[in-house]
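# Observations on the three-dimensional arrangement
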Amino acid sequence: MVRKLVQVAQKVGVSEATVSRVLNGKPGVSDSTRQAVLTALDVLGYERPTQLRGVRARLVGLVLPELQNPIFPALAEVAGGALVQLGFTPVLCTRSAGGLTEAEYVTMLLDQQVSGVIFCGGLTEDESATLKERGVPVVMLNAAVDHGGLPQVSTDDVAAVQQAYAHLSSLGHTRIGLMVGPADHTPSHRKAAAFTTLAARSAAGKAAHPIGHAIFSFEGGQAVATELLTTGITALICGSDVLALGAIRAARRQGLTVPHDLSVVGYDDSAFMNYTDPPLTTLRQPIEAMSRAAVTLLANQINGTNPTPKELLHEPELVVRLSTAPASAR
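Small disclaimer: the values here were computed from a predicted structure and weren't measured.

With that settled, consider the overall build of the chain. Each helix and strand in the chain was counted, giving eleven helices and twelve strands. Seen along its three principal axes, the alpha-carbon backbone of the chain occupies a region of about 75 × 45 × 35 Å. Taking the contacts inside the chain whose residues are at least 6 apart along the sequence as the reference set, 68% of them involve residues at least 24 apart. Surface exposure of the chain reaches about 15,000 Å², of which carbon and sulfur atoms provide 53%.

As structure tokens, then:
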């Protein structure tokens, strides 16, 4: 019992005495704190006291496109914790080969009468219309497609490319490539558009600034980077850390070294990028701020406050490590 009190108190951020009051049905605890304690019991796997079993937990869906990319578990961890703090129970839904599709997850979540949904990926117009028709609040977090009218929280892709390009230019690179995800992937499209604008201003011209589109995987990055290296680039900006690691493998397969022959910049600053060989220069997404902003927007909707439909853009941070260096002639 003591261990339960300690764990629940730590999870919610309240005293053990407060948890005890909730579990024993005592007064003097706010409704939001009481709900947060009950939610923490559910999340930690503890059985509710008999007199509290009829109190329904408020469920919120967290729909992720995958778990292979470390950025998505990181977003889910922060968002899930913030939801618990507010008295919600997060329900993690991940699309996988042979598993449920996002459309099927939407149906399942509606059947569970969720209070709201945070999508870290795609959402079709039909799915969006169904959720709107049922009055379910939705927030898009780093959405793969543009959803006008829905609250969105994203990293500023234009600022990301500008920061990476300025860094490489300051090192003397003039032949800089860009490797991003599929052309219909909104963040990739934005990065490519910003990069094209920068290339048009460059004295080296667009020919020295090739763009490659890859599937978001190590192998996809390696394959497309192999093609881009034939253009003579000395630096490459990548749309994810996983793509960047694939690019480093491609360079080594061609007998090139990173960063002496090729400077590489990643995107995300996912776990362990400080321990790769070489440690990866990358653009850090503000995971904490973005996830909490998404939860706040959703909670406001649930509580009856209509959020602004405009997209909230968060500035990334360039983290310089050892995968970038001054340009050398190849």
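Turning our eyes to something else, we now look at the packing of aromatic side chains. Inspection of every chain in the model, using the stated rule, returns one aromatic pair. Ring geometry for tyrosine 165 versus phenylalanine 195: centroids 6.2 Å apart, planes at 75°, classification edge-to-face. Separated by 30 residues along the polypeptide, tyrosine 165 in helix α7 (residues 157–170) and phenylalanine 195 in helix α8 (residues 186–201) bring together distant segments of the chain. Among the residues examined, tyrosine 165 registers a relative accessible area of 11% and is labelled buried. According to the relative accessible area criterion, phenylalanine 195 is buried, its value standing at 0%.

To continue, consider the sheet that holds strand β6 (residues 176–180). The sheet built from six strands is open, its strands ordered β7-β6-β8-β9-β10-β12 with mixed pairing. Only two strands of the sheet have a single neighbouring strand rather than two, namely β7 (211–213) and β12 (317–319). Strand-to-strand twist in this sheet, taken as the mean axis angle between neighbours without regard to direction, amounts to 20°. In terms of strand pairing, β6 meets β7 through three bridges, oriented parallel. Opposite leucine 178, over in β7, you have isoleucine 211 as the bridge partner.

Looking now at the layout of surface pockets. Looking at the largest pocket, its volume works out to about 690 Å³. Lining the largest pocket are 33 residues, with Pro65, Phe72, Ala144, His185 and Phe216 positioned closest to its centre. Listing elements by their share of the lining of the largest pocket, those giving two or more residues are α4 (71–85), β5 (152–155), α8 and β9 (263–268). Counting residues per element, the lining of the largest pocket draws most heavily on α8, which supplies four residues. Grouping the constituent residues of the lining of the largest pocket by class yields twelve nonpolar, twelve polar and nine charged.

In this section: empty space enclosed by the protein. Counting across every chain of the model gives one cavity of 30 Å³ or more. Estimated volume of the largest cavity: approximately 30 Å³. Taken together, Ala160, Val161, Leu178, Lys191, Ile237, Cys238, Gly239, Tyr267 and Leu283 form the lining of the largest cavity. Listed by contribution, the elements that provide at least two residues to the lining of the largest cavity are α7 and β8 (235–238).

Moving on to the pattern of salt bridges. A full pass over the atoms with the stated rule returns seven salt bridges. In this structure, lysine 191 and aspartate 157 form a salt bridge, with 2.6 Å as the shortest nitrogen-oxygen distance. On the criterion of sequence distance, the pair formed by lysine 191 in helix α8 and aspartate 157 in helix α7 is long-range, its members being 34 residues apart. For aspartate 157, a relative accessible area of 4% corresponds to the buried category. Arginine 284 is the partner of glutamate 317 in a salt bridge, and the nearest nitrogen-oxygen pair spans 3.5 Å.

Right, let's talk about the sheet that holds strand β11 (residues 311–314) for a bit. One open sheet accounts for six strands, arranged β2-β1-β3-β4-β5-β11; its pairing is parallel. The open sheet has two edge strands, β2 (88–94) and β11, and neither has a second partner. Put simply, the sheet's adjacent strands are angled 20° from each other on average, direction ignored. Relative to β2, strand β1 (residues 58–64) runs parallel, the two being bridged by seven bridges. Residue pairing across strands places valine 63 opposite cysteine 93, the latter belonging to β2. Set on the sheet, α4 makes contact with β1, β2 and β4 (138–141); between it and β1 the angle comes to about 170°.

In this section: the environment of arginine 3. Considering the arrangement of structural elements, one finds arginine 3 in helix α1 (residues 2–12). Once the C-alpha coordinates of arginine 3 and threonine 130 are considered, the two residues, 127 residues apart in sequence, prove to be 43 Å apart.

This paragraph deals with the pairing of β6. Among the five residues in β6, five count as buried, and that is most of the element. Of the two faces of β6, both are covered, the one formed by Ile176, Leu178 and Val180 as well as the one formed by Gly177 and Met179. Two elements, β6 and β8, share four bridges in a ladder whose sense is parallel. Its bridge partner being in β8, glycine 177 is matched across the sheet by leucine 236.

Reading guide: rules and limits
- Residues numbered from 1 in each chain as written.
- Predicted model: local features only at pLDDT ≥ 70, side-chain atom pairs only at ≥ 80, totals over all residues.
- Heavy atoms only, no water.
- Helix = DSSP H or I, 4+ residues; strand = E, 2+ residues; numbered from the N terminus.
- Contact = heavy atoms within 4.5 Å.
- Areas by Shrake-Rupley, 256 points an atom, 1.4 Å probe, with all protein chains shown as cover.
- Phe/Tyr/Trp six-rings, centres within 6.5 Å; stacked < 30°, edge-to-face > 60°.
- Buried < 20%, exposed > 50% of the residue type's maximum accessible area, 1.4 Å probe, protein only.
- Pairing = 2+ DSSP bridges.
- Axes fitted to C-alpha atoms, helices over the stretch in contact; angles between N-to-C directions.
- 1 Å grid on protein atoms, 1.4 Å probe; cavity = no way out; pocket = protein on both sides within 12 Å on 5 of 7 lines; lining within 4 Å.
- Points joined across faces, edges and corners; volume = space filled by probe spheres on them.
- Nonpolar A, V, L, I, M, F, W, Y, C, P; charged D, E, K, R; others polar.
- Salt bridge = Lys/Arg side-chain N within 4 Å of Asp/Glu carboxyl O.

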